[in-house]
Amino acid sequence: MPTGEPDHHEPPIRATIVRYDDHPDECTLHPEDPDEESRMTEWITAESGYYFAIASCR
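These figures come from a predicted structure and were not determined experimentally.

The rules behind the values
- Residues numbered from 1 in each chain as written.
- Predicted model: local features only at pLDDT ≥ 70, side-chain atom pairs only at ≥ 80, totals over all residues.
- Heavy atoms only, no water.
- Salt bridge = Lys/Arg side-chain N within 4 Å of Asp/Glu carboxyl O.
- Helix = DSSP H or I, 4+ residues; strand = E, 2+ residues; numbered from the N terminus.
- Buried < 20%, exposed > 50% of the residue type's maximum accessible area, 1.4 Å probe, protein only.
- Pairing = 2+ DSSP bridges.
- Axes fitted to C-alpha atoms, helices over the stretch in contact; angles between N-to-C directions.

Colleague: Just to check I follow, could you spell out the pattern of salt bridges for this structure?
Modeller: A pair can form between side chains of opposite charge whenever their charged atoms are brought close. Applying the stated rule across the entire model yields 2 salt bridges. A salt bridge links D25 to R19; the shortest N-O distance between them is 3.2 Å. For R39, the salt bridge is made with E36, and the minimal N-O distance between the two is 3.9 Å. In this pair, R39 and E36 are both assigned in helix α1 (residues 36–41), 3 residues apart and thus about one turn of the helix distant. Residue E36 is classed as exposed on the basis of its relative accessible area of 57%.

Below you can see the structure in the form of structure tokens.
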């Protein structure tokens, strides 16, 4: 019987924020403990001002 939950579990995602003095801070979302392939392909980075809490959209 389907439960609505996926059969597999994605690895936990971590947000890493890098602060800069001379340009906007950056937030990178990436797997918490990636294997070598994931380390190079499964991430996204955005500059401060281009991301926000999803709750603010509801």
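On we go.
Colleague: Is there a simple way to think about the sheet that holds strand β2 (residues 26–31) in this case?
Modeller: Sheet strands pair by backbone hydrogen bonding; their relative direction is either parallel or antiparallel. On the basis of which strands lie adjacent, the open sheet formed by 3 strands has the order β1-β2-β3 and antiparallel pairing. Bordering the open sheet on either side are β1 (13–18) and β3 (44–47), each of which pairs with just one other strand. Pairwise comparison of adjacent strand axes, ignoring direction, gives a mean angle of 20° for this sheet. Pairing of β2 with β3 involves 4 bridges; the strand directions are antiparallel. Bridge pairing links L29 to I44 in β3.

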